[in-house]
Amino acid sequence: MTDAAQESARNTPRRDWAWTRTDSPIGPLLLAATERGLVQVVFHADERTTRRALARLKGIFGTAPRAEIPHLAVAVAELTAYFSGELTAFTVPLDWSLTSGFHARVLHTLDAGVPYGSVVGYQDLADRVGEPGAARAVGAAMGANPLPVVVPCHRVVASDGGIGGFGGGLEAKRVLLALEGVLPAPLF
């Protein structure tokens, strides 16, 4: 999350939120939602990462988490279907409050314009948001994506044919791209 997004979130009124952890082929994911929608997906959600993420979210939203928010059940069900190859487009509502400015523009463009089974280059995505000199800034926006997998930053690749970076790790990116048929499935 960018400093501007953190400041914006801190200045918002207290909001109800909830969280859960779910297993996936790319490791445990922490999901957090507000009444607006899914607000964050965190990779590698072991105990330490979970504690840190929950403390940050409590600070942002100004309250302890509730036991449940309905968007969480939808997000878990959709991620389960996605990872089993049965879902190609997420419908869970999204709460975009943890991103702002250029990063938000890039992520909205990515979410709306790069469907399942396709990829886009960092430079092409910069062009799509009207910032042709901002390919590196697009990379920074991907790294700050609060909703990875659901907002598919794994579909952004290097123009030289490489897969580029990924906050969840390159192996996770390979798994996601193979799941979507962009890369061949690993042999082992």
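Definitions and cut-offs
- Residues numbered from 1 in each chain as written.
- Predicted model: local features only at pLDDT ≥ 70, side-chain atom pairs only at ≥ 80, totals over all residues.
- Heavy atoms only, no water.
- Salt bridge = Lys/Arg side-chain N within 4 Å of Asp/Glu carboxyl O.
- Helix = DSSP H or I, 4+ residues; strand = E, 2+ residues; numbered from the N terminus.
- Buried < 20%, exposed > 50% of the residue type's maximum accessible area, 1.4 Å probe, protein only.
- Pairing = 2+ DSSP bridges.
- Axes fitted to C-alpha atoms, helices over the stretch in contact; angles between N-to-C directions.
- Contact = heavy atoms within 4.5 Å.

Caption draft 1: Layout of the pattern of salt bridges. Counting across every chain of the model gives nine salt bridges. Arg36 serves as the salt-bridge partner of Asp95, at 3.9 Å between the closest nitrogen and oxygen. You can see Asp95 sitting in the loop between helix H3 (70-83) and helix H4 (101-113) and its partner Arg36 sitting in the loop between strand E2 (29-34) and strand E3 (38-42), a full 59 residues away along the chain. Of the residues examined, Arg36 reaches a relative accessible area of 51% and is grouped as exposed. Across the pair Arg155 and Glu180 runs a salt bridge whose closest N-O atoms are separated by 2.8 Å.

Caption draft 2: Representation of the sheet that holds E2 in the model. The three strands are arranged E1-E2-E3 in an open sheet whose pairing can be described as antiparallel. Every other strand in the sheet has two partners, leaving strand E1 (17-22) and E3 as the edge strands with one partner each. The sheet shows a mean angle of 15 degrees between the axes of neighbouring strands, taken without regard to direction. Along the sheet, helix H2 (residues 47-61) makes contact with E1, E2 and E3, crossing E1 at roughly 165 degrees. H3 rests against E1, E2 and E3 of the sheet, and its axis sits at about 140 degrees to E2.

Caption draft 3: Layout of helix H7 (residues 170-179). For H7, every residue scored as buried is listed here: Ala172, Lys173, Leu176, Leu177 and Ala178. Contact partners of the buried residues in H7: H3, helix H5 (122-128) and strand E5 (156-157). Positioned one or two residues after H7, Gly181 has a phi angle of 85 degrees, which is positive.

Caption draft 4: Molecular detail of unusual backbone geometry. The residue His44 is not glycine, and still its phi comes out positive at about 50 degrees. If you trace the backbone, His44 turns up in the loop between E3 and H2. Its relative accessible area of 40% is what places His44 among the partly exposed residues. Even without a glycine there, the phi angle at Val149 is positive, about 75 degrees. By secondary structure assignment, the location of Val149 is in the loop between helix H6 (135-143) and E5.

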